[in-house]
Amino acid sequence: MRVLAHTWRFAAAVIAAGLLILPAGTAAVAASSNVPAASTPAPAAQDTRGPQFYSGLAIDVSGQVDGDVYAAGQSVTISGTVTGDVIAAAQTVTITGKVDGNVRLVGGTIIISGDVLRSGTVFAGTVNVTDTGSIGKDLVSAGGDVAIVGDVGRDLLLSTGQLSIDGTVGGDVTYESDKAARIAPGAVSGTVEHVQRQQTPEVKPSPGAVFIGWLLGLLYALVALSLITIAAALLVPRVLHRVTDYLVPSPWKALLVGFVASIAAPGAIVALLVSVIGAPLALAVLLVWIVLTLATFVYGAYYIGRLLFRGNQHPVVTALVGGLILIVALNIPWLNIVVWVAMVLFGLGAQLLAIYGQRPWRTRAVTVAMPPAAPSPAAPSPTVGDFPQTLA
């Protein structure tokens, strides 16, 4: 119950700080006449009254402010005296002066080397209360590491990575962390409570669950990829047959072409990207290369089907049977690596050879078969009447 009470207190403090910081930012925008928006340090405040708003890259509030201070920038330093509260958000927030009220700080690094007479609410990556710094009442912090070298008047309520206390804490310390705090002897007057963060238990599936998962994955692959192979066999059967023609007689030639292309293509794409001018071409080549790689499954399935069916089978049957065999092989551990590499290399090589064979500038020798000459009609044999007769 005590842990729950501390947790509730911490959550309430977080919500309260958020509600207080939000209107502060809104009021800062509304009061633009009082905001020195400059990249140089803000001018020192000299006996100013009422709430003061500051924004810029580097802000240094010096002198005395009779009221609250709202500041946002890259770095915020409170080196003067503030009779009210300080609400600040910056990459680095440093308090070297005196704050009579509360501080509500958000930033990457929070350094308190001055005096805060009341409480502090801090959200930061690193919180450091130096040996010259002090917080009169409670300190609530969430974020990274917290180092307390100075004095905290009452309680510490922290959610932190690493906590170290070398100063003094007048009340109790309750912190949530994965690591145990480093606390000097006698530094804490009250009790120290370490709340362990809830760790998500690692659930190891049983062998039966692993097998069922593998079986369901295999079933999904069979259905999805089989539909792809059937669609390809119905739409482009001639393309499947033409590409796999380069695998049937000489598969090792296609393997060599695919291996060389797999090494050369990524290098060419990177070179085009680096050249900047060739970046659009590199993206186009990358898109084509991805399509060719994905298509290797369909060609591999059809090639396996052609090896099984030596006769003239329907392209759908050839692709479907080969696809089923290839899908099962791709789902067997360790074997799937070898099958996938072979499928990609053979498929890429066959596609590139087919593209090269269909290049438009290729010249083909065409043999024209001349029809045989028709025999001429036989001339009639001359007769005696055809010759002129000479009178004796």
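All values derive from a computational prediction rather than experimental measurement. Residue positions are counted from 1 within each chain, in the order its sequence is given. Selection of residues for local features in this predicted model requires a pLDDT of at least 70, selection of side-chain atom pairs for listing and counting requires 80 or more, and totals for whole chains, interfaces and linings are taken over all residues. Heavy atoms from the whole structure form the basis of all side-chain values; hydrogens and water molecules are not counted.

### Regarding the overall build of the protein chain
Turning to step 1, where the next piece is worked out: In terms of helices and strands, the protein chain carries 7 helices and 19 strands.
Turning to step 2, where the next piece is worked out: Here the protein chain, with 392 residues, has 35% of them falling under the buried criterion.
Turning to step 3, where the next piece is worked out: In the protein chain, the proportion of contacts linking residues at least 24 apart, taken out of those at least 6 apart, comes to 23%.
Turning to step 4, where the next piece is worked out: Put simply, the protein chain shows about 22700 Å² of open surface, and 67% of that area lies on carbon and sulfur atoms. A run of H or I in DSSP becomes a helix once it reaches four residues, and a run of E becomes a strand once it reaches two; helices and strands are each numbered from the N terminus. The rule is simple: take the accessible area with a 1.4 Å probe, protein chains only, and divide by the maximum for that residue type; under 20% is buried, over 50% is exposed, in between is partly exposed. Pairs of residues are marked as contacts when any of their non-hydrogen atoms sit within 4.5 Å. The Shrake-Rupley method, run with a 1.4 Å probe sphere, supplies the accessible areas, and residue values consider only the shown protein chains as cover.

### Quick notes on the environment of Ala-147
Turning to step 1, where the next piece is worked out: Assignment of secondary structure puts Ala-147 in strand β12 (residues 139–148).
Turning to step 2, where the next piece is worked out: The exposure class assigned to Ala-147 is partly exposed, which follows from its relative accessible area of 22%.
Turning to step 3, where the next piece is worked out: Sequence spacing of Ala-147 and Leu-163 is 16 residues, and the spatial spacing of their C-alpha atoms is 6.0 Å.
Turning to step 4, where the next piece is worked out: Sequence-distant contacts of Ala-147, that is, excluding residues within four places in its chain, are made with Val-127, Asn-128, Val-129 and Ser-164.

### Focus: the packing of aromatic side chains
Turning to step 1, where the next piece is worked out: Centre distance within 6.5 Å is the pairing criterion for rings of Phe, Tyr and Trp, where only the six-membered ring of Trp is used; planes under 30 degrees apart are then read as stacked, over 60 as edge-to-face, and the remainder as tilted. With the rule as written, the count across this model stands at 3 aromatic pairs.
Turning to step 2, where the next piece is worked out: Ring geometry for Phe-53 versus Tyr-70: centroids 5.0 Å apart, planes at 15°, classification stacked. Taken together, the residues span a long stretch of sequence, with Phe-53 in strand β2 (residues 52–61) and Tyr-70 in strand β4 (residues 69–78) at a distance of 17 residues. No difference in accessibility class separates Phe-53 from Tyr-70, as the two residues are buried.
Turning to step 3, where the next piece is worked out: Arranged with centres 6.2 Å apart and planes meeting at 55°, the rings of Trp-252 and Phe-346 form a pair that is tilted. With a gap of 94 residues between them, Trp-252 in helix α4 (residues 251–274) and Phe-346 in helix α7 (residues 335–357) connect regions that are remote in the sequence.
Turning to step 4, where the next piece is worked out: Since its relative accessible area comes to 64%, Trp-252 is described here as exposed.

### Considering the pairing of strand β10 (residues 120–129)
Turning to step 1, where the next piece is worked out: Strand direction decides the pairing type here: strand β8 (residues 103–112) and β10, joined by 9 bridges, are parallel. Its bridge partner being in β10, Leu-105 is matched across the sheet by Val-122. In short, DSSP must find at least two bridges between two strands for them to pair.

### Here we look at the pairing of strand β6 (residues 86–95)
Here is the key point about a regular strand: its side chains alternate between the two faces of the sheet.
Turning to step 1, where the next piece is worked out: Burial analysis of β6 places 7 of its 10 residues in the buried class, the great majority of the element.
Turning to step 2, where the next piece is worked out: Where β4 and β6 come together, 9 bridges link them in parallel fashion. Bridge pairing in β6 places Tyr-70 opposite Ile-87.
Turning to step 3, where the next piece is worked out: In this sheet, β8 lies alongside β6 in parallel orientation, the contact comprising 9 bridges. By the bridge assignment, Ala-90 is partnered in β8 with Gly-107.

### Details of the side chain of Thr-229
Turning to step 1, where the next piece is worked out: The topology assignment puts Thr-229 in helix α2 (residues 207–235).
Turning to step 2, where the next piece is worked out: Among all residues touching Thr-229, those that are not within four sequence positions of it are Phe-297, Ala-301, Ala-319 and Leu-320.

### Points about the nonpolar core
Turning to step 1, where the next piece is worked out: Grouping buried Ala, Val, Leu, Ile, Met, Phe, Trp, Tyr and Cys residues that are joined through side-chain atoms within 4.5 Å yields what is termed a nonpolar core. Ile-78, Val-86, Leu-156 and Ile-165 are the most contacted members of the largest nonpolar core, which has 38 residues in total.
Turning to step 2, where the next piece is worked out: When residues of this core are assigned to their parent elements, the largest contribution, 5 residues, is made by β6.
Turning to step 3, where the next piece is worked out: The residues contacting Val-86, other than those within four sequence positions of it, are Val-69, Ile-78, Val-99, Asn-102, Val-103, Arg-104 and Leu-105.
Turning to step 4, where the next piece is worked out: Among the nonpolar cores identified, the runner-up in size contains 30 residues, and Leu-247, Ala-254, Val-339 and Ala-350 belong to it.

### Concerning the confidence of the model for the protein chain
Turning to step 1, where the next piece is worked out: On average, residues of the protein chain carry a pLDDT of 79, and 79% of them reach 70 or more.
Turning to step 2, where the next piece is worked out: Per-residue pLDDT stays below 50 along residues 365–370; that stretch engages in 0 contacts with residues further than four places along the chain or on separate chains. Confidence scores per residue from the predictor, reported as pLDDT, run from 0 to 100.

### Structural notes on α7
Turning to step 1, where the next piece is worked out: The end-to-end C-alpha separation of α7 is 33 Å, in line with the 33 Å expected for 23 residues at 1.5 Å each.
Turning to step 2, where the next piece is worked out: Taken together, the buried positions of α7 are occupied by Val-339, Met-343, Val-344, Leu-345, Gly-347, Leu-348, Gly-349, Ala-350, Gln-351, Leu-353, Ala-354 and Gly-357.
Turning to step 3, where the next piece is worked out: In the core, the buried residues of α7 are packed alongside α3 (237–244), α4, α5 (279–308) and α6 (315–330). A helix is expected to reach a length of 1.5 Å times the quantity of its residues less one.

### A few points about unusual backbone geometry
Turning to step 1, where the next piece is worked out: One non-glycine residue, Trp-334, lies in positive phi territory at about 70°.
Turning to step 2, where the next piece is worked out: You can see Trp-334 is positioned in the loop between α6 and α7.

### Focus on the pattern of salt bridges
Turning to step 1, where the next piece is worked out: We define a salt bridge as a contact between a side-chain nitrogen of Lys or Arg and a carboxyl oxygen of Asp or Glu at a distance within 4 Å. Within the structure shown, the criterion is met by 4 salt bridges.
Turning to step 2, where the next piece is worked out: Here Asp-245 ties to Arg-306 by a salt bridge, and the two come within 2.9 Å at their closest N and O atoms. Remark: Arg-306 occurs in helix α5 and Asp-245 occurs in the loop between α3 and α4; sequence separation between them is 61 residues.
Turning to step 3, where the next piece is worked out: Judged by its relative accessible area of 33%, Asp-245 is partly exposed.
Turning to step 4, where the next piece is worked out: On the basis of relative accessibility, which here comes to 18%, the residue Arg-306 falls in the buried class.

### Examining α3
Turning to step 1, where the next piece is worked out: The set of residues buried in α3 consists of Leu-240, Val-243 and Thr-244. Looking straight down α3, one finds its buried side chains confined to an arc of 90°; they lie on one side.
Turning to step 2, where the next piece is worked out: The inward-facing, buried residues of α3 abut α2, α5 and α7. The reported arc concerns the directions from the helix axis to the C-beta atoms and nothing else.

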